[in-house]
Amino acid sequence: MPDAGRFGRLGWLALSLLVLVIDQVSKAHFEGSLQMFQQIVVIPDYFSWTLAYNTGAAFSFLADGGGWQRWLFAVIALVVSAVLVVWLKRLGRDDTWLAIALALVLGGALGNLYDRIALGHVIDFILVHWQNRHYFPAFNFADSAITVGAIMLALDMFKSKKTGETVND
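Cut-off values and rules
Residues numbered from 1 in each chain as written. Predicted model: local features only at pLDDT ≥ 70, side-chain atom pairs only at ≥ 80, totals over all residues. Heavy atoms only, no water. UniProt positions renumbered as here; feature names shortened; annotations may be inferred. Axes fitted to C-alpha atoms, helices over the stretch in contact; angles between N-to-C directions. Helix = DSSP H or I, 4+ residues; strand = E, 2+ residues; numbered from the N terminus. Contact = heavy atoms within 4.5 Å. Expected span 1.5 Å × (residues − 1). Buried < 20%, exposed > 50% of the residue type's maximum accessible area, 1.4 Å probe, protein only. Core = buried A, V, L, I, M, F, W, Y, C linked by side-chain atoms within 4.5 Å. Pairing = 2+ DSSP bridges.

As recorded by an unreviewed UniProt entry, the protein carries the name Lipoprotein signal peptidase and is attributed to Pseudomonas azadiae. Listed under Pathway (unreviewed entry) in UniProt, the entry text for the protein is "Protein modification; lipoprotein biosynthesis (signal peptide cleavage)." UniProt lists a comment for the protein under the heading Function (unreviewed entry), and it reads "This protein specifically catalyzes the removal of signal peptides from prolipoproteins."

Here it is, written out as structure tokens:
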């Protein structure tokens, strides 16, 4: 990626765009291939493809809100996205780990934001479960990017007290 300078680490927006494209292409594929809640078993007792719509936030939080939550979550995603872009711009050349984390979160947030605004719900298609008894809520590629980015951000908080460098830079 380009050196940090006047534009900070905005070159990492290319990663955000890649996440957004992969997310939207995968959602379109599964929405076109599956009926609602249909499952295609990939690994028996553990992993399936499915189609589900989420009108709420993570884990379907506020999904029965009557529609107002669509705009609340859209505004939150827009504000967070703007903050992430500004943060990327302010990063220095040694902040690669942090830049990747922010780019992943941003790309995922934009993928789900598009769904929320254009469709009124987020398309989920990944279903992790245990022996068809215990199900983790369905999720998508954007959610995965947000989760990986958030874990990277959390790891970045553990800095060496002597050097001030991040753990994984």
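It is the contact of helix α1 (residues 13-33) with helix α4 (residues 141-156), at a shortest axis distance of 8 Å, that shows an interaxial angle of 145°. Residues Val 19, Ile 22, Asp 23, Ser 26 and Lys 27 of α1 lie in contact with α4, whose contacting residues are Phe 141, Ala 142 and Ala 145.

Glancing now at helix α3 (residues 96-119). With 24 residues, α3 extends 34 Å between its outermost C-alpha atoms, agreeing within 8% with the 34 Å of an ideal straight helix rising 1.5 Å per residue. The buried count for α3 comes to 17 of 24 residues, which makes it a mostly enclosed element. Looking one or two places after α3, you find Gly 120, whose phi comes out positive at around 85°.

If you look at the biggest cluster of nonpolar residues, it comprises 18 residues, and the most contacted ones within it are Trp 12, Leu 15, Leu 88, Leu 91, Leu 102, Leu 104 and Leu 153. Listing elements by their share of this core, those giving two or more residues are α1, α2 (68-90), α3 and α4. With nine residues, α3 is the largest single contributor of residues to this core. Each residue touching Leu 153, except ones within four places of it in the same chain, is listed here: Trp 87, Leu 98, Ala 101, Leu 102 and Val 105. Core analysis: the next-biggest nonpolar cluster, separate from the first, contains eight residues, Phe 30, Leu 34, Phe 125 and Ile 126 among them.

Turning our eyes to something else, we now look at the pairing of strand β1 (residues 39-43). In terms of strand pairing, β1 meets strand β2 (residues 47-54) through four bridges, oriented antiparallel. Note that in β2 the partner of Gln 39 across the bridge is Thr 50. Hairpin connection, β1 to β2: the antiparallel pair is bridged by three residues, and Asp 45 has positive phi, about 75°.

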